[in-house]
Amino acid sequence: MDQQYQDVLVIGSGAAGISLALRLAHRFKVAVVSKGALTDGSTLWAQGGISVVLDPEDSLEAHVADTLTAGAGLCDEETVRFTVRHGPSAIDWLIERGVAFTRERRPDGTLGYHLTREGGHTHRRVIHAADATGYALENTLAEEARTRENIALFESHLALDLITASKLGLSGNRCLGAYVYDRTAHRVKVFKARFVVLATGGAGKVYLYTSNPDVATGDGIAMAWRAGCRVANMEFVQFHPTCLYHPEAKSFLISEAVRGEGGRLLLPDGAPFMQKFDPRGELAPRDVVARAIDHEMKRLGSEYVYLDIRHKTPDFLKQHFPNIYARCKAFGVDMATQPMPVVPAAHYTCGGVVTDFRGRTDLRALYAVGEVSHTGLHGANRMASNSLLECLVFAEAAARDILEEAEAGPEPSGLPEWDESRVTDSDEEVVVAHNWHELRRFMWDYVGIVRTTKRLQRAKRRADLLTHEIEEYYGNFRVTNDLIELRNLVVVAELIIQSALERKESRGLHYTRDYPEPDDSRPPQNTVLTPGNYREDGDWVGT
Ligand SMILES: Cc1cc2nc3c(=O)[nH]c(=O)nc-3n(C[C@H](O)[C@H](O)[C@H](O)COP(=O)(O)OP(=O)(O)OC[C@H]3O[C@@H](n4cnc5c(N)ncnc54)[C@H](O)[C@@H]3O)c2cc1C
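Residues numbered from 1 in each chain as written. Predicted model: local features only at pLDDT ≥ 70, side-chain atom pairs only at ≥ 80, totals over all residues. Heavy atoms only, no water.

Peer 1: Quick question: what am I supposed to make of the packing of helix α4 (residues 77-97) against helix α11 (residues 386-404) here?
Peer 2: Between two packed helices, what matters for the description is the angle formed by their axes and the separation of those axes. Where α4 contacts α11, the two axes come as close as 8 Å, and the packing angle between them is 90 degrees. Judged by the angle between their axes, α4 and α11 are roughly perpendicular. The segment α4 lies against α11, with T79, F82, T83, H86, G87, A90 and L94 engaging L389, E390, L392, V393, F394, E396, A397 and R400. Here the residues of the contact of α4 with α11 are counted per class, giving eight nonpolar, four polar and three charged. (Axes fitted to C-alpha atoms, helices over the stretch in contact; angles between N-to-C directions. Helix = DSSP H or I, 4+ residues; strand = E, 2+ residues; numbered from the N terminus. Parallel < 35°, antiparallel > 145°, perpendicular 65-115°, else oblique. Contact = heavy atoms within 4.5 Å. Nonpolar A, V, L, I, M, F, W, Y, C, P; charged D, E, K, R; others polar.)

Peer 1: Help me understand the site of the ligand, please; the structure alone is not making it clear to me.
Peer 2: Near the ligand lie 39 residues; those nearest to it are T43, G49, D219, E371 and S387. Measuring from an oxygen atom of the ligand, one finds a backbone N or O atom of A16 at 3.0 Å. In this structure, S34 approaches the ligand through a side-chain N or O atom, which is 3.4 Å from an oxygen atom. If you list the elements that add at least two residues to the shell around the ligand, you get α1 (15-24), α2 (42-45), β9 (157-164), β16 (340-349) and α11. With four residues, the top contributor of residues to the shell around the ligand is α11. (Near = heavy atom within 4 Å. Polar contact = N/O pair within 3.5 Å; in protein donor to acceptor, adjacent residues only side chain to side chain.)

Peer 1: How should I be thinking about helix α5 (residues 133-147) in this particular structure?
Peer 2: One full turn of an α-helix is made of 3.6 residues, so residues set three or four places apart face in the same direction. Helix length check: α5 (15 residues) gives 22 Å between terminal C-alpha atoms against 21 Å at 1.5 Å per residue, within 8%. Buried residues of α5: T133, G134, A136, L137, E138, T140, L141, A142, E144 and A145, and no others. Looking at the buried residues of α5, the elements they touch are α1, α2, β3 (50-51), α4, β7 (126-127) and β8 (151-154). (Expected span 1.5 Å × (residues − 1). Buried < 20%, exposed > 50% of the residue type's maximum accessible area, 1.4 Å probe, protein only.)

Peer 1: Explain the pattern of salt bridges to me, please; I cannot follow it from the model alone.
Peer 2: Pairing of side chains with opposite charge becomes possible as their charged atoms draw close. The final tally for this structure, using the stated rule, is 39 salt bridges. One salt bridge connects R97 with E144, and the closest N-O pair in it is separated by 2.8 Å. Pair noted here: R97 is in helix α4 and E144 is in helix α5, with a separation of 47 residues, a long-range link. Look at E144 and you get buried, because its relative accessible area is 17%. Through salt bridges with shared partners, a single network forms among D356, R358, R360, R364, D401 and E405. (Salt bridge = Lys/Arg side-chain N within 4 Å of Asp/Glu carboxyl O.)

Peer 1: Looking at this structure, how should I read the packing of aromatic side chains?
Peer 2: By convention here, two paired aromatic rings are described through the distance between centres and the angle between planes. Summed over the entire model, instances satisfying the criterion amount to 14 aromatic pairs. Measuring from centroid to centroid gives 5.5 Å for F82 and F394, while their planes differ by 55 degrees, and the two rings are tilted. Residue F82 is located in helix α4, and its partner F394 is located in helix α11; the two are separated by 312 residues in the primary sequence. Each member of the pair, F82 as well as F394, is classed as buried. By way of ring pairs, the aromatic residues Y207, Y209, F239 and W444 are connected into one cluster. The ring of Y348 is capped by R382, whose NZ or CZ atom sits 4.4 Å from the centre of that ring. (Phe/Tyr/Trp six-rings, centres within 6.5 Å; stacked < 30°, edge-to-face > 60°. Lys NZ or Arg CZ within 6 Å of the ring centre and 35° of its normal.)

Peer 1: It is not clear to me how the sheet that holds β16 should be interpreted in this structure. Could you clarify?
Peer 2: Sheet strands pair via backbone hydrogen bonds, and the direction of the pair is either parallel or antiparallel. Judged by pairing direction, the sheet is antiparallel, and its four strands sit side by side in the order β13-β16-β15-β14 without closing on themselves. With partners counted over all chains shown, the strands left at the sheet margins are β13 (237-244) and β14 (264-266), one partner each. When the angles between neighbouring strand axes are averaged without regard to direction, this sheet yields 45 degrees. Sheet topology note: the strand β15 (residues 305-308)/β16 ladder contains three bridges and is antiparallel. Counted as the bridge partner of L307 is M340 from β16. (Pairing = 2+ DSSP bridges.)

Peer 1: Looking at this structure, how should I read the side chain of E261?
Peer 2: If you trace the backbone, E261 turns up in the loop between α7 (257-260) and β14. Dropping the residues within four chain positions of it, E261 is found in contact with T116, R124, I309, H311, K312, F316 and F321.

Peer 1: It is not clear to me how helix α13 (residues 453-476) should be interpreted in this structure. Could you clarify?
Peer 2: Its 24 residues place the ends of α13 35 Å apart at the C-alpha level, agreeing with the 34 Å of an ideal helix rising 1.5 Å per residue. Those residues of α13 that sit buried are L456, A459, K460, A463, D464, L466, T467, I470, Y473 and Y474. Buried residues in α13 make contact with β9, α12 (429-446) and α14 (481-502).

Peer 1: Which parts of the structure should I look at to understand the nonpolar core?
Peer 2: Across soluble globular proteins, nonpolar side chains show a tendency to be buried alongside one another. L162 and Y207 are the most contacted members of the largest nonpolar core, which has 78 residues in total. The leading source of residues in this core is α14, at 13 residues. Core analysis: the next-biggest nonpolar cluster, separate from the first, contains 51 residues, V30, I50, I127 and A406 among them. (Core = buried A, V, L, I, M, F, W, Y, C linked by side-chain atoms within 4.5 Å.)

Right, here's the structure in full:
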């Protein structure tokens, strides 16, 4: 028997998971499982910062209004208000834990937090720790988690499926724990818990080019889907317009703050082009900028465009963008004297597991927090720096709910061990490697920044085929890390394609040449997919 029991199982240790664990540890025993090292995840790489109203000239109303505008009619206004309202206290909580946000001296001589401005925001409202906000946040919180007696950390542990009452034929639609693959011991363990939280982040790895780290394979979305939860708005994938173009940079991101400080986008011949696409120029929302770059690159057959910030002094750049400056320099690009070659890459998954204000999913005792979730905050397009805010605010809300529900959840018992009696070791690892590549390639080519119905249908045929192959493989062979992730990626791909096919309009991040305008004949609708419409063998049977 290899069974763990804690009150709460948190799957994922980014901003969402680790902050939630810290908020529960005074009362509960919490297990945090993380498939890589504790700090692996998108949070570590966040550069820009966290949007929050701190400037007296700014207002909560303005933050709400900007978020609603970016979301192109699909934000849930109540969720936006809830998130924005809880922003300042979330930042106070981080400051109390020791996150060292950048300060500046004000004209009256006092010290305050420096706020930067990013696309879509009408005010300076992004608090940051130089250009490595996520690094400061993740490391500070992870450090604290390591010292807390009530938090048990399991690194290199990959959750592969949720254990639910209904799957075991028990009464009540409740989550009881998860099967977790220990990547070091190559063994699947049972983690039992009264409450389970998915904080597994996004799914950027479903695309060939992404700013996301390797762990971003949409595992939480796929696990929740298989467990019967609804998933919404998966067609809205944000492509970050500016990743460094360099064969070894692995999509190193050049923060939007560089454009916020006046960085200009140029064609390879040095001509500016953004004004042609949007009067806001370089500060237009990300989708507009990414589409403009995609358009110009395709028109010219160019592999990249340039981002030019040479009007700032080297001292300014080193002080404001120390991380970007150093990384670019290491790749042979001096941003003080040269324009930086940049390309777009998949960056943020706006859709996810449907939750309410408390992070609750459709399944009792299962919560989803952070990028894995769909709370209604982002609508059809995430405004820059609203995502870390969402992680923190909803982690707090979910923690509060779990504390209130404390007595409700019984300790699960009698959960079956992982059954390996009918599988053997794979003799054809090449199938997994091949399908990983094929999936990410066709998602990039057919389900990327600019879509058409024909391309989506082409992608769907391929995804259906891969689903069958992978499920067959999964049924016959012992699980491995790559197989578990691939199985999840293909589910996520299917969800994105299906959602994109269902949206017969262009809105926010979803742009299709077949329906290039928003459908104004009816109120904007979320694309909500329900697992009942998805057969066991993987075929879509319609909504
Ligand atoms: C390069 C980059 C820059 C960004 N900049 C900003 C910014 O400036 N401001 C902003 O607001 N947002 C930014 N974002 C987005 C933001 O960083 C993410 O949305 C946010 O960090 C997500 O946090 P999370 O806790 O939900 O997930 P993550 O931080 O991605 O953490 C996910 C965790 O889940 C674990 N995990 C995943 N699957 C499993 C599994 N099956 N089993 C066990 N563990 C699992 C991972 O190992 C990891 O610990 C940026 C994103 C990137 C990639």
